[in-house]
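# Fold and geometry: a report
As a plain string of letters, each chain reads:
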Amino acid sequence: MQTNFNLESFIKEKVTRRKESLLKRDFIKYNNQLKNRIDGKKVLVIGGAGTIGSSYIKAILKFNILKLVVVDINENGLTELVRDLRSSTEYNIPDEFITYPVNFGDRVFEKIFYHHGPFDIVANFAAHKHVRSEKDIYSIEAMIENNVLRARKLLDLLLQFPPEHFFCVSTDKAANPVNIMGASKKLMEELIMSYSGWLPIKTARFANVAFSNGSLPLGFLERLNKNQPWSCPLGIRRFFVSPQESGELCLMASIMGQSGDIFFPKLDENKDMISFEQIAIDLLHELGFEPDICETEDEARYKAVNRKSTEPTYPIYFFESDTSGEKPFEEFFTEKEILDLDSFKNLGIIKNSKKRVVEEIDSIFDELHGLFESKQVTKDIIVEILKQYLPNFEHIETGKGLDQKM
């Protein structure tokens, strides 16, 4: 195995295949406007310990903010964030920098908000992001609670002290969703857009973040560290951005966007898409291994357990994807959405996002709350209700989930 493996270099060379950031030219173009809108500001980041949230923080700390408050339920993640930032020399850390391991839906968060606010810039990255989070009615309730219902509570809080910029992250899976996670984020988009007349609302749909927390590629490295086999679906091609690009994209959207804008990266299907199996093979080669392709999970586990550390091969099991909610392709916008492809070099903007009236949002929430309180609620019922509100929602159900896979 290679001992000088550099993950950042691997992502640039083999995954995004971009030597410089996708956002580099846009940051050069808008540098003065960004400085004028960011320097000296008070910033609140929710979900800041995750891959995208922490990358957003690193992007904004290239400027000179006055105060930074970070909230996340992942206490260990916040600890690593602080150590990472404090150990680096490239960030302008303000004198007032504090992290809190709390849920942004809890009462204590409101106390933190009132004590440290008002904030000029608020960015929310707290979200369930995995398709596997729709395994049963309990995980679905938790996902909708986090992705949608708590976002409503945050918006009502912000109305008391409106920030200059508010950003709430979305996903490419909100465009013509085929899983409940994507549907929940589409509903979140419509929720926040209903407030866009009162708050400066911006969001972004973007690609997979390469080697993000919980992602399959990062899982390859985790399995390797534990001498466990790799498992990878065949034929699943995705767009990827680097962690740095994810933070820069969200920062650009949050600061330079107009209220109601949905940003997305301008990527080319033929040039920028890559399959998970290609990443797996390239990563094995980068680490100094040849793939030992196995026919079953059992074979892969057996070979991993009995493998000698000097062997030049590593066991990997490839399988055809057959789990619920797995979209065979990616898209950032639908044919009915109006696009601005001129304002930014490598970013597009959806300009006509659907804006429901708040009363309609209330009726949706009342129905969801009622369903979750019912003892008869099922996944199928939730899917049908979401289809009523989201006509483009075409759920793919196979009866199998990712928790059943290695």
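This text follows the structure it describes.
Predicted model, so just to flag it, every value in this text is computed and none were measured.

## Describing the layout of surface pockets
Considered as a void within the structure, the second largest pocket measures approximately 1000 Å³ in volume. Along the wall of the second largest pocket there are 36 residues; nearest its centre are Ser55, Lys58, Asp84, Pro243 and Gln244. Among the secondary structure elements, those contributing two or more residues to the lining of the second largest pocket are α1 (7–15), α2 (24–29), α4 (51–60), α5 (75–86) and α10 (243–256). Looking at which element gives the most residues to the lining of the second largest pocket, the answer is α4, with 5 residues.

## A few points about the pairing of strand β1 (residues 42–46)
Most of β1 is tucked away: 4 of the 5 residues are buried. When β1 meets strand β2 (residues 67–71), the two strands line up parallel, connected through 5 bridges. Bridge pairing in β2 places Val43 opposite Leu68. Since β1 and β2 lie parallel, the crossover through α4 that links them has a hand, and here it is right-handed. Pairing between β1 and strand β4 (residues 121–124): 4 bridges, direction parallel. Bridge assignment links Leu44 to a residue of β4, and that residue is Val122.

## Remarks on the sheet that holds β1
Ordered in space as β3-β2-β1-β4-β5-β6-β10-β15-β14, the 9 strands form an open sheet in which the pairing is mixed. A single partner strand is all that each edge strand has here, and the edge strands are β3 (96–100) and β14 (339–340). Direction of pairing for strand β10 (residues 261–265) relative to strand β15 (residues 347–350): antiparallel, over a ladder of 4 bridges. Along β15, the bridge assignment pairs Ile262 with Ile350. Docked against the sheet, helix α8 (residues 180–193) engages β5 (165–168), β6 (201–204) and β10, running at close to 160 degrees with respect to β6.

Cut-offs applied
- Here, residues in each chain are numbered from 1, in the same order as that chain's written sequence.
- pLDDT decides what is reported in this predicted model: residues at 70 or higher carry local features, side-chain atom pairs at 80 or more are listed and counted, and totals for whole chains, interfaces and linings draw on all residues regardless.
- To obtain the side-chain values, all non-hydrogen atoms of the structure were included, while hydrogens and water were left out.
- Of the grid points, spaced at 1 Å and generated over the protein atoms alone, those admitting a 1.4 Å probe that cannot get out make up cavities, while open sets with protein on both sides within 12 Å along at least five of seven lines make up pockets; any residue with an atom within 4 Å of a point is treated as lining.
- Grid points are joined across faces, edges and corners, and a volume is the space filled by probe spheres set on the points.
- Runs of H or I in DSSP of at least four residues are treated as helices and runs of E of at least two as strands, each being numbered from the N terminus.
- Each residue's exposure class comes from its accessible area (1.4 Å probe, protein chains only) as a fraction of the maximum for that residue type: buried when under 20%, exposed when over 50%, partly exposed otherwise.
- Any two strands with at least two DSSP bridges between them are considered paired.
- Assignment of crossover handedness uses the view with strands pointing away from the viewer, where a clockwise path from the first strand over the helix to the second indicates a right-handed crossover.
- Any pair of residues with heavy atoms lying within 4.5 Å of one another is described as a contacting pair.
- Here an angle of 0 to 180 degrees is reported between the N-to-C directions of two axes, which are lines fitted to C-alpha atoms, with helices fitted over the stretch in contact.

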